[in-house]
Amino acid sequence: MENGGDAKWRFGAGNPAVQASGRQSLRALVTRVFDCVDRNDPRPVAPLGHGDPSAFACFRTAAAAEEAVAAAALSGKHNRYSSAGGVLEARSAVAAYLSRELPYELSTGDVVVTAGCNHAIEIMMAVLASPGANVLLPRPGYPMYESRAALCGLEFRRFDLLPEKEWEVDLDGVEALADENTVAMVIVNPNNPCGCVYSYDHLAKIAETARKLGIMVISDEVYDHCAFGSKPFVPMGVFGETAPVVTIGGISKRWMVPGWRLGWIAATDPKGVLRDKNVLQSIMSYCAISVDAVTFVQGALPQILANTEKAFFEKAMEVMRSAAEICYRKVEGIGCITCPHKPEGSMFVMVKLDLSCLDGIADDVDFCTKLAREESVVICPGSGLGMKNWLRITFAVDPGLLEDGMERVKSFCQRHGKAKELK
Ligand SMILES: *Cc1c(COP(=O)(O)O)cnc(C)c1O
C-alpha cells in the first residue's frame, strides 16, 4: 500500500473514555472562564476559581519545609528512582504522622506515597473498577473522582450533601443508591467545595452506614487540619474498626505546596479487611506501573512532617479564618447570591445564585463567563461540581484582592439586577 501525494492517515484520538473523562474536568472549565477575561482590563485578575494560595506571599509555605527540600536536593542522596509505592522512610513518616491521631498504630506497609492526592484518586478508582462495580460520590463534589471513574469504566452514582444541614451527607440517599455492586463511598473532609467540617458524630454515622452496606469509605483528607471554625478536624480512620477506611491526603493544601506533588494512600483499617480483600496488593500492583512521587521530595518528607512549627499552621489558619470571614461578609452584602453555611474549613465556599433577580443571565456558567469578561473575576460555576446555578468561591487569595474581587462581583450583580418594583 502506497501513501502518495494525498496521504491518508489511519489514526485519530477517539478513545471515548478520554472524552467522557474530559467532560468532567474542572480545570478545563475554569480555564474556559479564565479565557473570557479582557486582557485590556488594567485591574488585576481576581482568581477566585481555583484553590492554589501558593502564589500569594501571605500563604508562603513553612521555612522548615523549604529547607528540608533544599537539603534533600543538595545531599545528592535522592537522585535515584523511587521504589514502587514510595521510599520506605517517606512511607513510615506518613504512617507516624497519621497514627498521632488514631486509636491504633499504622505500619509502613499500610501506606503508599503518591504523586499528589490526585494520583491517589487515580489509583483508587482504577483499583476499584472491577466489571459491574459502582462507587458513590458526593454532590457537589471534587470532579477528579468522576473523571477518573469515567476513564477506567467505573460506574459512579451521586449522593447529596445537604446545604440546610451544614452540608452533611444525605445518608438515607446513600442507602437508597447502593446496591450489591456498590464497593465504596467517598467523603471529602474538610470539604471542597462546601467549606464544611464533619463532626465526630456525623463521621460515626457514615461509618455505620458503610458497615451496613458492606462498603469501604474513601476519606479524602487533603485538607486535614484546615479547620478554623468551631468543629475540630477528626480523621475518618478513627472509625476504621467499624468499616474499612482508605485515607488519602498529602501536603499540597496544609503546606500550600501543590507543585511539590506529594500525597499518600493509607489503609486506616485496624481489622485488616482491605488486606484480606487484596485491596493493598492491588494498589501496589498499580504503583508498579505508575509514575512515582519525586524522590527528593520524598526524601525531604520526614523532615517536613516533623520540623514544621506549630506557629506556621496557626498563622495559616488565622489568615484563612479571616479570609473566610471577609468572603462571607461580602456575600451577605450581595443580593443575588446566598450562602447557606459559613465556611469553617478548606479554602472554599458554595453559594447559591438567585437568577430571578438578575436580567439576561441564563445560568451559572453564563454568570461566570460574563463576570470574567466584565470584571476580571474568575469564579467556578457550580455545574462543574454537579450543582447547577451554584457557585464555588475560593477565599485563599490575598485579602486585598479578595475584597476587591468581591466588590466587583457586587457591582456586576447590581448592574445586571432587575429593577426593583419597590423602588
Ligand atoms: C486539591 C485537591 C486534591 C488534589 O490534591 P493534589 O495533592 O494537588 O493532587 C484532591 N482532593 C481534593 C478534595 C482537593 O481539593
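Residues numbered from 1 in each chain as written. Predicted model: local features only at pLDDT ≥ 70, side-chain atom pairs only at ≥ 80, totals over all residues.

**Examining the site of the ligand**
Rules: The rule is simple: place the C-beta atom from the backbone, and if it lies within 6 Å of a molecule or strand, the residue is near it. Residues are grouped as follows: Ala, Val, Leu, Ile, Met, Phe, Trp, Tyr, Cys and Pro are nonpolar; Asp, Glu, Lys and Arg are charged; every other residue, Gly included, is polar.
Taken together, 13 residues are adjacent to the ligand, and Gly116, Cys117, Asn118, Asn192 and Ser252 come closest. A class-by-class count of the residues in the shell around the ligand yields five nonpolar, six polar and two charged.

**Examining the UniProt feature "modified residue: N6-(pyridoxal phosphate)lysine" (unreviewed entry) in the protein chain**
So the rule is basically this: UniProt positions are given in the numbering used here, feature names are shortened, and annotations may be inferred rather than shown by experiment. Working definition: helices are DSSP H or I runs of at least four residues, strands are E runs of at least two. Numbering for both runs from the N terminus. In this description, a residue-residue contact is defined by the distance between C-beta atoms placed from the backbone, which must lie within 7 Å.
According to UniProt, the feature "modified residue: N6-(pyridoxal phosphate)lysine" (unreviewed entry) maps to Lys253 in the numbering used here. By the element assignment, lysine 253 lies in the loop between strand 8 (245-250) and strand 9 (263-268). For lysine 253, the contacting residues outside a window of four places in its chain are Val222, Tyr223 and Cys226.

**Points about the sheet that holds strand 6 (residues 182-188)**
The criterion, for reference: Strand pairing is defined by DSSP finding a minimum of two bridges between the two strands.
Spatial ordering of the open sheet is given by 2-9-8-7-6-3-4-5, a layout of eight strands whose pairing is mixed. Across the chains shown, the open sheet's two edge strands, defined by having one partner strand only, are strand 2 (111-114) and strand 5 (168-169). Sheet analysis places strand 3 (residues 134-139) next to strand 6, joined by three bridges and oriented parallel. Among the inter-strand pairings, asparagine 134 is bridged to a residue of strand 6, identified as threonine 182.

**Comments concerning the sheet that holds strand 12 (residues 377-381)**
The five strands lie next to each other as 1-12-13-11-10, forming an open sheet whose pairing is mixed. Looking at which strands have only one partner, the edges of the open sheet turn out to be strand 1 (46-48) and strand 10 (337-338). Here strand 11 (residues 348-353) pairs with strand 13 (residues 390-394) via five bridges, running antiparallel. Residue phenylalanine 348 lies in a different strand from strand 13, and its bridge partner there is threonine 394.

**What about the nonpolar core?**
Just so we agree on the cut-off: In these notes, a nonpolar core means any group of buried Ala, Val, Leu, Ile, Met, Phe, Trp, Tyr and Cys residues linked to one another through C-beta atoms within 7 Å. Exposure in this text rests on C-beta crowding, where 20 or more other C-beta atoms within 10 Å of a residue's own make it buried, 12 or fewer make it exposed, and counts in between make it partly exposed. The C-beta atoms are placed from the backbone. Segmentation into domains, and thus their bounds, comes from an automatic or database assignment.
Core analysis: the biggest nonpolar cluster contains 137 residues, and Met124, Met216, Val217, Ile265 and Phe395 have the highest contact counts within it. When residues of this core are sorted by domain, at least three fall in each of domain 1 (19-60 + 311-416) and domain 2 (63-307). If we skip the residues at most four places from it in the chain, isoleucine 265 touches Val112, Thr114, Ala120, Ile123, Met124, Val246, Ile248 and Ile283.

**A short note on the domain arrangement of the protein chain**
When the parts come together, some accessible area is lost, and that loss is often what is quoted as the size of the interface. Domain assignment breaks the protein chain into domain 1 (19-60 + 311-416) and domain 2 (63-307). In this structure, domain 1 and domain 2 have C-alpha centres spaced 26 Å apart. Contacts between the two partners involve 31 residues from domain 1 and, on the opposite side, 33 residues from domain 2. Taken together, the elements giving at least two residues each to the side of domain 1 that touches domain 2 come down to helix 1 (16-23), helix 12 (310-332), strand 11 and strand 13.

**Topic: the UniProt feature "domain: Aminotransferase class I/classII large" (unreviewed entry) in the protein chain**
Summarizing the sequence annotation, UniProt attributes the feature "domain: Aminotransferase class I/classII large" (unreviewed entry) to residues 47-408 in the numbering used throughout. Secondary structure content for residues 47-408 is 38% helix and 18% strand, while the C-alpha to C-alpha distance between its ends is 12 Å.

**Let's talk about the environment of phenylalanine 412**
You can see phenylalanine 412 is positioned in helix 14 (residues 399-416). On the basis of neighbour count, phenylalanine 412 is assigned to the buried category, with 21 C-beta atoms found within 10 Å. Phenylalanine 412 sits 335 residues away from lysine 77 along the chain, and the two C-alpha atoms are 54 Å apart. Other than its neighbours up to four places away in sequence, phenylalanine 412 contacts Leu371, Glu374 and Glu375.

**Things to note about the packing of helix 3 (residues 63-74) against helix 11 (residues 295-307)**
Defined as follows: Lines fitted to C-alpha atoms define the axes here, with helix axes fitted over just the stretch in contact, and angles between the N-to-C directions of these axes take values from 0 to 180 degrees. By definition, any crossing whose near helix is turned counterclockwise from its far helix by less than a right angle is left-handed, and any crossing with a clockwise turn is right-handed.
Put simply, helix 3 and helix 11 touch, their axes get as near as 8 Å, and they point 145° apart. The crossing of helix 3 and helix 11 is right-handed. Between helix 3 and helix 11, the residues in contact are Ala64, Ala65, Ala68, Val69, Ala72 and Ala73 and Phe296, Val297, Gly299, Ala300, Gln303, Ile304 and Asn307, respectively. Each residue belonging to the contact of helix 3 with helix 11 can be placed in one class, and the counts come to 10 nonpolar, three polar and no charged.

**Observations regarding the pairing of strand 13**
Counting buried residues in strand 13 gives five out of five residues, a clear majority hidden from the surface. Of the two faces of strand 13, the one carrying Trp390, Arg392 and Thr394 and the one carrying Leu391 and Ile393 are both buried. Sheet topology places strand 12 next to strand 13; two bridges connect them, and they run antiparallel. By the bridge assignment for strand 13, proline 381 is matched with leucine 391.

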